[in-house]
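Listed below, chain by chain, are the residues.
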Amino acid sequence: MGLMSDFINKIFKKREVLDTSKVKELRTDFRARYHQFKLLLTANNNALEIMTEMEEALKGTWPFGMNFVLSRCTSVSTNVWKIVRHLNELAPGRYKALMDRFKEIQKKINPIIRSKTRSREGPMFIPLKEVDKDMADQVGSKIANLGEMGNRINLKISGGFAITAQAYYRFMKYNDLQAEIDRLIQTANAKRPDQLYSLSAAIQQLIIRSILPEDLEAVVLEQYRILEKDEGKGVKVAMRSSALGEDLAETSFAGQYRSELNVSGENILHAYKEIVASKYGLAAMTYRLNRGIRDEDVAMCVGCMSMVDAVSAGVMYSRNPLNIRDNSIVINSVWGLPKPVVDGSAPSDLFIISRSDPMAILRRDIPVKKQKFVCYPDEGICRLKMIDEEGKEASLTDEQAIELARLAVRLEDHYGVPQDIEWAITTDGSVVCLQCRPMQQMKEEKTLDMGEIREEVEGTVILQGGFTASPGVAAGPVFIVKKDMDTLRFPKGAVLVTAQSLPRWATLLNRAAAVITGQGSIAGHLANVAREFGVPALFGVKDAVDLLEKDQEITVDADGLRIYEGRIDSLLKETEKPRNLMEGSPVFMALEGASRHIIPLRLLDPDAPSFKTQNCKTFHDITRFCHEKAVHEMFRFGKEHHFPERSSKQLLGDVPMQWWILNLDDGFKDEEEGKYVRLENIVSIPMLALWKGIAARPWEGPPPVDGKGFMSVMFQATTNTALVPGVRSKYANRNYFMISKNYCSLNSRLGFHFSIVEALVSDRSSENYISFQFKGGAADFNRRQRRVFFVMEVLEEYGFRVDVNEDTLIARIENHEKDFMVDRLTILGYLTIHTRQLDMIMQKSASVNHYRSKIHKDIHEIVFSNQ
Amino acid sequence: MPDKEKRGSGRIRLLLVDDEVGFVDVISKRLSKRNIDVTQALSGIEGIQALRGQDFDVAILDLKMEDMDGIEVLRIFKKMVPEMPVIMLTGHGSEKAANEGMAYGAFDYLTKPYNLEELVEKIQEAAGQGR
């Protein structure tokens, strides 16, 4: 007897030891899995968020730089790499091939976002005499075109030389300037205008303070000495920026960079640095950002030409820039240097000349010009007041105007596209070409004849007149900009009102709804950029600054030359959506190209045979695949691990049936010593939620069975050994919870029904997950399936995704807020109890309806009105 | 030649307060070629001393200097010579400092590095207003 009891004790002890170590193992395993699972989900969410951000960016509604493209591609790839790693930790050995897929995709992205190193061979200077348009990759397009005009079209240009892209690279490489600039850009991660201001200032100062390489200095000074030989000692020069990459993607770059006029020999090197620095001027940086031009594609070349002391000068277009169908030549001209035309700071003469043979002047507007710009004797340029008589005179004779028009046509013929030409007339009366470039033209549908007056619309006109600098209609609150100070506070969507159309206000055009200026010219920089950005602009509205008040809501009809009080919706309806200015740009294309390997999702159906590692073609595919597999691996835990009954505690209290609980981690408030645990000691969020549903209503017992149902059960019971009471499985009528604070799995078998619930519920909704499997029943297959469909219907109503396969139901719901998940678990708890044996009544539609409405009523009371 | 007919010499007298030595030299030289006579002050204190001894049409004041808070210098300037316009230079385009300066009566501000012609225009504009 004693021996026998010893033997029995030993067996039990051994079992206990086994159980204890098993539980330990189980707990370790659970914690490790849960940890990896959480990390995977975090990376998963990060990756998806970045992809969404990239998708948003591809809509082109806001500007971004290469910095954005690089950083997003890098961080999406880092996160996807993490996902793959965590999945391999979660299920060691099972998903090894994924890492290879990841690397292959990565390999495809890299060349798209990393720029190719361009060849940096060639001289640091080229004399203008040797330059033509094919040298744009060495001297920038502006100087290349200037050389073309002088050397191939035989027009008069100033003598001088170009400081090449090679010189620029040399300067940037010297002292590691480029690396330092890149570092500043990366760290600043500038988004707001004021951050961009600081960044721009910091980079420019860095460049200006940097030392030029000695060989570069020597070359520039030597070239200047040669120029002095040709043009006289102490010759002053005009130093013009000529950036490489200016003509990318139909961008105008009009006046984004600095040019310095009338520079003395001793300041050439300083001026060179200032011009190079202007690559990072606020206007240029904003512009590149808005147009998707990569910083590294822009190399600053500088043209250094003898200064032309102009009698009169200006800008002409070989066609009407506001109307592509109008082939008249448009000339804007002033006395002195062309500055007031370029920056729109003062009124200029307008000549419109027909292409007819002979050419004829169609229109001649000669305003009073109160001032002109001339060269200081030592350096620089200055504004000079003009006496009335001189100011009233036209700055061009008709003959000169026609001569210029012929030149414009000649240039257009040579280049084959409409041209925008800056010119000057010297003291000896000859025309010197200062620069030319392809002209920015409006798209046909937006064009309008200059000064066309629109039909009357309802609304109060506050101001009218001026001229269309950029067509369109827009509304917004007035914001008057008088000083640089004001630009800092300029709100998005406001109407920019300013006295002069100064180039520096162009930085506001990505925020302005419309522009109104007191004066300006359509040939000016601000007008150019406004047209490019599709911002309606009405220039030359005298007194606008005085008559409009800050914050006053107005509608600017740039086409109709009117400003209305308030919003005039009938006018605004006609306006188009803003263009995607970035489309086709290098930055945009880099993002677009990279995203082709990142964003598309082809692995949609986890049940499809194609849902395989080798079919992951994008980062999104990998992300989707891993998420699915991770959930699968994590929530196989309850099924995969044998429930160690002896180490579990029985739920104590006034509870129907037997409920056993194994604490995997932190599911109990206090550790329990004995065999039982009370509900009050349980802190598992998902278990408590389930329990609320389980205990909410007493089970009414089996529903009254219809005759056929009963027969069906009897028949099943005789043929299905699993249902024969005599061969009861160990787990029959027992219910097992494995829990931690945020996790719970419930295996339950109530009568003939098996169900498994697994859930993770925490404050981090991205981790939240519920899966529910339901199977079995005592009735015939047909009824069991009907019941499964019945349950499906209920679950779908509460947001579950449900799959039914024969008589098995699998329902899932994920990523909702904690409260939502808790409610869903309560519903599952309720259903686990109350759908039992509903299979019996599945043939009777009246009963089905009765139970359906009872279930809905109960759920509503338990979950939704009881809170 | 330039439109300074109101004054005998036609040249603008500018006080430039900035502690960036090399830079101040270059700018002074270049401004002097543009009808602007520059008196350099390499610190706030030097600026105040210069202002005691001489009249100026305009002052340019770097807000970021080693020895003294630029705003403090600005306040002293405005107390000493309320009618003299002061153009602030901000190294970092900081809105806060610029706003504060405007509240103390600064004429306008420029972000370093500035376009020389813009600077000249701003000086001329300020000088025109000051007189």
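Since the structure is predicted, the reported quantities are computational estimates derived from the model, not experimental observations. (Residues numbered from 1 in each chain as written. Chains lettered and ligands numbered in written order. Predicted model: local features only at pLDDT ≥ 70, side-chain atom pairs only at ≥ 80, totals over all residues. Heavy atoms only, no water.)

Re the packing of aromatic side chains
Then comes step 1: Inspection of every chain in the model, using the stated rule, returns 13 aromatic pairs over all chains.
Then comes step 2: Across from the ring centre of Phe820 of chain A, 3.7 Å away, lies the NZ or CZ of Arg824 of chain A, which sits over that ring. (Phe/Tyr/Trp six-rings, centres within 6.5 Å; stacked < 30°, edge-to-face > 60°. Lys NZ or Arg CZ within 6 Å of the ring centre and 35° of its normal.)

Some details on the pattern of salt bridges
Residue and element names in this part refer to chain A.
Then comes step 1: The final tally for this structure, using the stated rule, is 48 salt bridges over all chains.
Then comes step 2: Asp349 is paired through a salt bridge with Lys369; the nearest N and O atoms lie 2.7 Å apart. Here the residue Asp349 occupies a position in strand 8 (residues 349-353), and Lys369 occupies one in the loop between strand 9 (361-365) and strand 10 (371-375), the gap between them amounting to 20 residues.
Then comes step 3: On the basis of relative accessible area, Lys369 is assigned to the buried category, the value being 3%. (Salt bridge = Lys/Arg side-chain N within 4 Å of Asp/Glu carboxyl O. Helix = DSSP H or I, 4+ residues; strand = E, 2+ residues; numbered from the N terminus. Buried < 20%, exposed > 50% of the residue type's maximum accessible area, 1.4 Å probe, protein only.)

A few points about the interface of chain B and chain A
Then comes step 1: Opposite the 33 residues of chain B that make contact, chain A presents 36 residues.
Then comes step 2: Connecting chain B to chain A are eight salt bridges.
Then comes step 3: A salt bridge links Glu379 of chain A to Arg30 of chain B; the shortest N-O distance between them is 2.9 Å.
Then comes step 4: Counting across the interface, chain B meets chain A through nine residue pairs in polar contact (both at pLDDT 80 or more).
Then comes step 5: Of all the secondary structure elements, the ones that give two or more residues to the side of chain B that touches chain A are helix 1 (21-32), helix 4 (95-103), strand 5 (108-111) and helix 5 (116-130) of chain B.
Then comes step 6: When its residues are assigned to classes, the side of chain B that touches chain A shows 11 nonpolar, eight polar and 14 charged. (Contact = heavy atoms within 4.5 Å. Polar contact = N/O pair within 3.5 Å; in protein donor to acceptor, adjacent residues only side chain to side chain. Nonpolar A, V, L, I, M, F, W, Y, C, P; charged D, E, K, R; others polar.)

Brief notes about the packing of helix 3 (residues 97-113) of chain A against helix 19 (residues 619-634) of chain A
Axis angle and axis distance: for two packed helices, these are the angle between their axes and the distance between the axes, and together they describe the pair.
All names here are of chain A.
Then comes step 1: Orientation of helix 3 relative to helix 19, taken along the N-to-C sense of each, is 160 degrees, at an axis distance of 10 Å. Considering the angle they form, helix 3 stands roughly antiparallel to helix 19. Crossing handedness for the pair helix 3 and helix 19: left-handed. Here helix 3 contributes Leu98, Arg101, Phe102, Ile105, Gln106 and Ile109 to the contact with helix 19, which in turn contributes Phe619, Ile622, Phe625 and Cys626.
Then comes step 2: Partitioning the contact of helix 3 with helix 19 into residue classes produces eight nonpolar, one polar and one charged. (Axes fitted to C-alpha atoms, helices over the stretch in contact; angles between N-to-C directions. Parallel < 35°, antiparallel > 145°, perpendicular 65-115°, else oblique. Left-handed = near helix turned anticlockwise from the far one by under 90°.)

Digging into the side chain of Lys279 of chain A
All names here are of chain A.
Then comes step 1: Along the polypeptide, Lys279 turns up in the loop between helix 9 (268-277) and helix 10 (282-291).
Then comes step 2: No salt bridge is formed by the buried Lys279; its nearest oppositely charged neighbour, Asp295, is found at 5.8 Å.
Then comes step 3: Separated by 3.4 Å, the side chains of Lys279 and Tyr280 make a polar contact.
Then comes step 4: Residue contacts for Lys279: discarding those within four places in its chain leaves Tyr168, Tyr257, Ala284, Met285, Arg288, Asp295, Val298 and Met300. (Lys, Arg positive; Asp, Glu negative; His and termini not counted.)

Overview of the side chain of Glu767 of chain A
All names here are of chain A.
Then comes step 1: When you line up the elements, Glu767 lands in the loop between strand 27 (753-760) and strand 28 (769-776).
Then comes step 2: Taking relative accessible area as the criterion, Glu767 reaches 2% and is therefore assigned buried.
Then comes step 3: Among the polar contacts listed, one links the side chain of Glu767 to the side chain of Arg764, at a separation of 2.5 Å.
Then comes step 4: Beyond its immediate sequence surroundings of up to four residues, Glu767 is in contact with Tyr34, Phe37, Lys38, Leu41, Leu760 and Ser762.

Considering the environment of Leu14 of chain B
All names here are of chain B.
Then comes step 1: Secondary-structure assignment places Leu14 in strand 1 (residues 12-17).
Then comes step 2: The exposure class assigned to Leu14 is buried, which follows from its relative accessible area of 0%.
Then comes step 3: Once the C-alpha coordinates of Leu14 and Ala59 are considered, the two residues, 45 residues apart in sequence, prove to be 5.6 Å apart.
Then comes step 4: When near neighbours in sequence (up to four residues on either side) are disregarded, Leu14 contacts Leu31, Ile36, Asp37, Val38, Thr39, Phe56, Val58, Ala59, Ile60 and Ile123.

So, unusual backbone geometry
Backbone geometry follows two general trends: most residues other than glycine have a negative phi, and most peptide bonds adopt the trans configuration.
Residue and element names in this part refer to chain A.
Then comes step 1: Of note, the amide linkage connecting Asp357 to Pro358 takes the cis form, showing an omega dihedral of 0 degrees.
Then comes step 2: Positive phi outside glycine occurs at Asn154, with the angle close to 60 degrees.
Then comes step 3: For Asn154, the position within the fold is in the loop between helix 4 (136-151) and strand 2 (160-163).
Then comes step 4: Phi at Asp543 is positive, roughly 70 degrees, even though this residue is not glycine.
Then comes step 5: Assignment of secondary structure puts Asp543 in the loop between strand 19 (537-539) and helix 16 (544-547).
Then comes step 6: With a relative accessible area of 48%, Asp543 lands in the partly exposed category.

Here we look at helix 3 (residues 70-80) of chain B
Along an α-helix, residues three or four positions apart point the same way, because every turn accommodates 3.6 residues.
Then comes step 1: Of all the residues in helix 3 of chain B, the buried ones are Gly70, Ile71, Val73, Leu74, Phe77 and Lys78 of chain B. In a view along the axis of helix 3 of chain B, the buried residues occupy a sector of 155 degrees, so they form one face of it. (Arc of directions from axis to C-beta.)

In short, shape yes, function no, at least from these values alone.
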